[in-house]
Amino acid sequence: MDQPLVEADAEIRAEVRKLCARFPGPYWRELDLRRGYPTEFVTALTEAGFLGALIPEEFGGAGLPLSAAAAILGTVHEEGCNGAACHAQMYIMGTILRYGSAEQKRRYLPGVADGSLRLQAFGVTEPSSGTDTTALRTTARREGDRWIVNGQKIWTSRAEHSDLMLLLARTTPREQVAKKTDGLSTFIVDMRTAKGLTIRPIRTMMNHNSCEVFFDNMEVPAANLVGEEGRGFRYILDGMNAERLLIAAECIGDAKWFTAKSVAYAKERVLFGRPIGQNQGVQFPIAQAYARMRAAEAIVERGLERFEAGLPCGEEANMGKMLAAEASWAAGEACIQTHGGFGFAEEYDIERKFRETRLYQVAPISTNLVLSYLGEHVLGMPRSY
Ligand SMILES: Cc1cc2nc3c(=O)[nH]c(=O)nc-3n(C[C@H](O)[C@H](O)[C@H](O)COP(=O)(O)OP(=O)(O)OC[C@H]3O[C@@H](n4cnc5c(N)ncnc54)[C@H](O)[C@@H]3O)c2cc1C
């Protein structure tokens, strides 16, 4: 179904496929049941060098472009696995790479590349602010050679399975800054040693290891401020196109997985003396979801090209993420329908994938916010918020 245009990506995909074959459906099903973390899978990806793909070679990574990371995560999903346990590492580290001090890069990136340091937690969303990020209430107050952090995050995925967290906190009150996007700062929190940090898992409809995180006078060394004080929101925004393109690649992978399952079953299930796939009522939703996936894929590929060429790619990253999430959902819907009752049986993995892929119309950015970006920034209509 998929012929990558880039030869290097074809090799990466083949290697990832081999790795994923060691983690078949029963592995994910068992974890899903107990909301467990796929430690063995993440370790295997790390040891194979895939999670350090984007880290430059001078820091021990593979120094590959974003399209390679998209090929890795896309294939993970196409093979029925789930990159949610570790995908954030790929885009979070970009903030340290672009804005971190030489000392921070030297201290953290080699460990992230070889897996001895897990940089999987990204603390932005809060219960009261949600999408309205600049209204966040977590504060960091400078006291001598450290920052004192107080507040709460929600939906901090993988917080229990990460050594480091990239944290966004307000360092100047909103009333004292000219623009609400000013006065926010980014920190590297070493969660292994941080005192005053409490993590509480949230049980969700899919296995995502998401948590609430509470900060009670948590101390962060001054040296762990990333870049300049007050500019953290820009640093985070800067990484968002990469995040959206990678999540889109995962959704495209999900859509391919669902479609492959649907096609196989539609050919093999015989009723009324013929395969169900011979009925166009069964065939067309599968074909339609496939077309939607290919359209999303073309936009994501364009976004990756522009990203790698250093060109603006907000339009493609946002559209690609929205369309890919919708395509994976359409493919999942067609897959359940094609399988009839069996689509609901856990052992087919379809209902698990169906639950997993639904998230991406809400996180890391909801569809409405993508539409609002397009309406305002691309089409030039009035700002709504
Ligand atoms: C499983 C999971 C994992 C996550 N992982 C992380 C993580 O690791 N780190 C992190 O920081 N965050 C994480 N998130 C948070 C995620 O990014 C947010 O859930 C998402 O951005 C939406 O925010 P919210 O849930 O607060 O919804 P809200 O902001 O409350 O929005 C609710 C609804 O209102 C709509 N809406 C809001 N404002 C407008 C508007 N102006 N116009 C039109 N519609 C609007 C939204 O589109 C949405 O549908 C995760 C979330 C989930 C569920």
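What this report covers is the structure whose coordinates are included nearby. (Residues numbered from 1 in each chain as written. Predicted model: local features only at pLDDT ≥ 70, side-chain atom pairs only at ≥ 80, totals over all residues.)

What follows concerns the site of the ligand. Around the ligand lies a shell of 23 residues, among which Val124, Gly130, Thr131, Trp155 and Ser366 are the nearest. Among the elements of the structure, strand S1 (119-123), strand S3 (146-157) and helix H12 (367-378) are those that each provide at least two residues to the shell around the ligand. Split by domain, the shell around the ligand shows at least three residues from each of two domains, domain 2 (119-231) and domain 3 (239-378). (Near = placed C-beta within 6 Å. Helix = DSSP H or I, 4+ residues; strand = E, 2+ residues; numbered from the N terminus. Domains from an automatic or database assignment.)

Our focus in this paragraph is helix H10 (residues 314-339). Between the first and last C-alpha of H10 there are 37 Å, a value that for 26 residues agrees with the 38 Å anticipated at 1.5 Å per step. Backbone geometry just after H10 places glycine 340 at a positive phi near 55 degrees. (Expected span 1.5 Å × (residues − 1).)

What follows is about the environment of methionine 90. Among the structural elements, methionine 90 can be located in helix H5 (residues 88-99). Setting aside chain neighbours within four positions, we find methionine 90 in contact with Leu51, Ala53, Leu54, Ala69 and Leu246. (Contact = placed C-beta atoms within 7 Å.)

Now for the packing of H10 against H12. The N-to-C vectors of H10 and H12 enclose an angle of 150 degrees; their axes lie 10 Å apart at closest approach. Taken together, the axes of H10 and H12 are roughly antiparallel relative to one another. Judged by the twist between their axes, the crossing of H10 over H12 is left-handed. For the pair H10 and H12, contact is made by Gly314, Glu315, Asn318, Met319, Lys321 and Met322 and by Thr367, Val370, Tyr373, Leu374, His377 and Val378, respectively. Along the lines of polarity and charge, the residues of the contact of H10 with H12 split into 6 nonpolar, 4 polar and 2 charged. (Axes fitted to C-alpha atoms, helices over the stretch in contact; angles between N-to-C directions. Parallel < 35°, antiparallel > 145°, perpendicular 65-115°, else oblique. Left-handed = near helix turned anticlockwise from the far one by under 90°. Nonpolar A, V, L, I, M, F, W, Y, C, P; charged D, E, K, R; others polar.)

We now examine helix H6 (residues 102-114). Over its 13 residues, H6 extends 19 Å from the first C-alpha to the last, a length consistent with the 18 Å expected when each residue adds 1.5 Å. Restricting attention to buried positions, one finds in H6 the residues Tyr108, Leu109, Val112 and Ala113. Tucked into the core, H6 has its buried residues touching H5, S1, strand S4 (164-170) and strand S5 (184-190). Backbone geometry just after H6 places glycine 115 at a positive phi near 90 degrees. (Buried ≥ 20, exposed ≤ 12 C-beta atoms within 10 Å, placed from the backbone.)

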